[in-house]
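Chain and residue survey
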Amino acid sequence: MADEFLIVKRRELFDQVWSAPMTKLAPKYGLSDVGLAKVCKKHKIPKPPVGHWAKLEHGKASPKPELPELNDTDLEEIRFFRAGFEPVAKHVEAVATTPEIVVKDDLRNPHRLVDQAREKLRSETAGYRGLVSVGSQCCLDISVTKKSLSRALRILEALIRYWESVGGCVSAGDPGTRFARDEDGVSISISEQIVRHEKPRRDRYYKEYTYEATGKLTLSIDRWGEGLRKSWSDGKVQRLENVLGNVAVALEKWVLHERERRLDRQCEERQEREAMKTREAKNAFAELESERIKNLEALADDWVRAGQIRDYLADLEGKIASQAIKPIDPESFAKWIPWAKWYADSICPITPTPPRPEIDEPITRINKSIEDLDLTAKTRRGLKQGQVSDSDELAELTKHQLEERCGDRYSNMYCEATRVLEGLGYDISARSRW
């Protein structure tokens, strides 16, 4: 089935929610009642309270609230999406007729899972309540007395045979006995009802009990689902053997319910992935925008600072020209003025930066012979071994070349040479200290 979008107005969905139970309305939109309830919550649509439909059925009043107004116009329309989804209603109609499931009087040629459970449970020792079970091992989930074991196995035999005959599959293990179709299924268990009797007290602080098996069995579906039946028991008249058709219909509904929940989870995951993409894109845009703003503000600040410096220099030169003030050191001031103008141009983002005028005497490097350098004994021996003559030659050697010529394996000599060269005025910006 192709992907479809169904757009419904918020007011329309509100009226529908208050005209039919969620369990009947949800399949129309390819959702479970839980999924539809989430949609109502997101779009601020009030739902009927618990007991609403029962009150109406018995002629009692259950007021319908007003639909609250929203400021967010995006929530006024609901878009329902389901990929590869068949409406649940079709499946429910397919199992609307209760099948007739007959429980045999014996276990001849049992199903492999039933035969496996029989062998394991027969060899088990009963627990303190008199029940035999094998926990989460690869076995049907049965917890009964040995007296009721045969009957429990025959009930499960009939139910398993029917389920497989209509295309389902059954597996045993952890968790329990699983009835499934494709990816979706539920676990069931069968147990015996036990009555607990308190023994006469011998100690006021300690109670003791005895346990009595009733022979009454309960078949339970070990899941939670709103509005779905999950247990059937022997009663005064009712026997599990007579209600297996109802159990089969319920199993179909449970499997569909689990399928809906899985599809809902997948839908929510898709929604979250799309939301995450948008969220990440917005965050990335916000970071870029913040960086642009910071850069712009920094450029504007530099432009203002450059203008302030130029105004100051112009005013300063005017005062000196009018002899309102005099520089203390005219020779140094004459060098300082071009440098100050250059600095203003260098920080101004809209002015090309001219060459820097020399204001101070440049630091000159001093070439010395290796014998005149202040070196440690190990480095001096290494440099002599490598036949390095002076500091100019030493400055030209890379770390690798120094190791090859002088045998330095631990970078100590290179680090020492870097310190010495820096002290002699050499540019060491391309050299590492380590």
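Our structure is the block above this text.
All of these numbers come straight from a predicted model, not from anything done at the bench.

**Some points on the overall build of the protein chain**
On a plain count of helices and strands, the protein chain comes out with 13 helices and eight strands. Taken against the 2.2 N^0.38 rule, which gives 22 Å for 434 residues, the C-alpha radius of gyration of the protein chain at 44 Å runs more than 25% over that of a compact globule. On the principal axes, the C-alpha backbone points of the protein chain span a range of 120 × 70 × 60 Å. Put simply, the protein chain has 434 residues, and 35% of those count as buried. Residue pairs at least 24 apart in sequence account for 59% of intrachain contacts in the protein chain once pairs closer than 6 positions are excluded.

**Notes on the environment of Pro 354**
Examined against the element boundaries, Pro 354 turns out to sit in the loop between helix H9 (330–347) and helix H10 (377–385). On a C-alpha basis, the gap between Pro 354 and Trp 342 in space is 6.7 Å, while along the polypeptide they are twelve residues apart. Setting aside residues up to four positions removed in sequence, Pro 354 forms contacts with Trp 342 and Asp 345.

**Examining the packing of H10 against helix H12 (residues 399–406)**
Where H10 meets H12, the axes come as close as 8 Å, and the angle between the chain directions of the two elements is 85 degrees. Relative to H12, the element H10 lies roughly perpendicular. Mapping the contact onto sequence places Gly 382, Leu 383 and Gln 385 in H10 and Leu 402, Arg 405 and Cys 406 in H12.

**Observations concerning the packing of aromatic side chains**
A complete count under the given rule lists four aromatic pairs for this structure. When the centroid spacing of 6.4 Å and the interplanar angle of 55 degrees are considered together, the rings of Phe 14 and Trp 18 count as tilted. No difference in accessibility class separates Phe 14 from Trp 18, as the two residues are buried. On the numbers, 5.9 Å between centres and 70 degrees between planes, the contact of Trp 163 with Phe 179 is edge-to-face. Placement of the pair is Trp 163 in helix H7 (residues 146–165) and Phe 179 in strand E5 (residues 177–181), with a sequence separation of 16 residues. For the pair Trp 163 and Phe 179, one class covers both residues: buried. Lying over the aromatic face of Trp 163, Arg 181 brings its terminal NZ or CZ to 4.7 Å of the ring centre. It is Arg 196 that lies over the ring of Tyr 209; its NZ or CZ is 4.0 Å from the centre.

**Things to note about the pattern of salt bridges**
Taken as a whole and assessed by the stated rule, the structure comprises 20 salt bridges. A salt bridge links Arg 10 to Glu 76, with the shortest nitrogen-to-oxygen separation between them at 3.8 Å. Of this pair, Arg 10 sits in helix H1 (residues 10–17) while Glu 76 is found in the loop between helix H4 (52–57) and strand E2 (77–82), placing the two residues 66 residues apart along the sequence. Owing to a relative accessible area of 2%, Arg 10 belongs among the buried residues under this scheme. A relative accessible area of 30% places Glu 76 in the partly exposed class. The residue Asp 115 makes a salt bridge to Arg 118 at a minimum N-O spacing of 2.9 Å. Here Asp 115 pairs with Arg 118, and both are found in helix H6 (residues 112–122), just three residues apart, close to one helical turn. Overall, Asp 115 belongs to the partly exposed group, its relative accessible area being 29%. Connected via shared salt-bridge partners are Arg 151, Asp 234 and Glu 241.

**A word on H1**
Listed in full, the buried residues belonging to H1 are Arg 10, Leu 13, Phe 14, Gln 16 and Val 17. End-on view of H1: buried residues confined to an arc of 165 degrees, all on one side of the axis.

**Structural notes on the nonpolar core**
Ranked by size, the top nonpolar core spans 41 residues in total, and within it Ile 142 and Leu 251 carry the most contacts. Listed by contribution, the elements that provide at least two residues to this core are H6, H7, strand E6 (184–198), strand E7 (209–221) and helix H8 (244–321). Residues within four places of Ile 142 in sequence aside, it is in contact with Leu 121, Val 132, Ser 133, Leu 149, Ala 152, Leu 153, Leu 156 and Ile 190.

**Examining the side chain of Arg 262**
Within the secondary structure, Arg 262 sits in helix H8. Contacts of Arg 262, omitting those with residues within four sequence positions, involve Glu 183 and Asp 184.

**Describing a nonpolar patch on the surface**
Taken together, the side chains of Trp 303, Val 304 and Ile 350 make up a nonpolar region of the molecular surface, amounting to roughly 330 Å² of accessible area. Tracing the sequence through the fold places Ile 350 in the loop between H9 and H10.

**Here's the deal with H8**
The terminal C-alpha atoms of H8, which comprises 78 residues, lie 113 Å apart, in line with the 116 Å expected from a rise of 1.5 Å per residue. In the segment just after H8, Gln 323 is the residue with positive phi, at about 60 degrees.

Parameters at a glance
- Residues numbered from 1 in each chain as written.
- Predicted model: local features only at pLDDT ≥ 70, side-chain atom pairs only at ≥ 80, totals over all residues.
- Heavy atoms only, no water.
- Helix = DSSP H or I, 4+ residues; strand = E, 2+ residues; numbered from the N terminus.
- Rg over C-alpha atoms; globule rule 2.2 N^0.38 Å.
- Buried < 20%, exposed > 50% of the residue type's maximum accessible area, 1.4 Å probe, protein only.
- Contact = heavy atoms within 4.5 Å.
- Axes fitted to C-alpha atoms, helices over the stretch in contact; angles between N-to-C directions.
- Parallel < 35°, antiparallel > 145°, perpendicular 65-115°, else oblique.
- Phe/Tyr/Trp six-rings, centres within 6.5 Å; stacked < 30°, edge-to-face > 60°.
- Lys NZ or Arg CZ within 6 Å of the ring centre and 35° of its normal.
- Salt bridge = Lys/Arg side-chain N within 4 Å of Asp/Glu carboxyl O.
- Arc of directions from axis to C-beta.
- Core = buried A, V, L, I, M, F, W, Y, C linked by side-chain atoms within 4.5 Å.
- Patch = residues over 30% accessible without salt bridge, like charges linked within 9 Å, V, L, I, M, F, W, Y side chains within 5 Å.
- Areas by Shrake-Rupley, 256 points an atom, 1.4 Å probe, with all protein chains shown as cover.
- Expected span 1.5 Å × (residues − 1).

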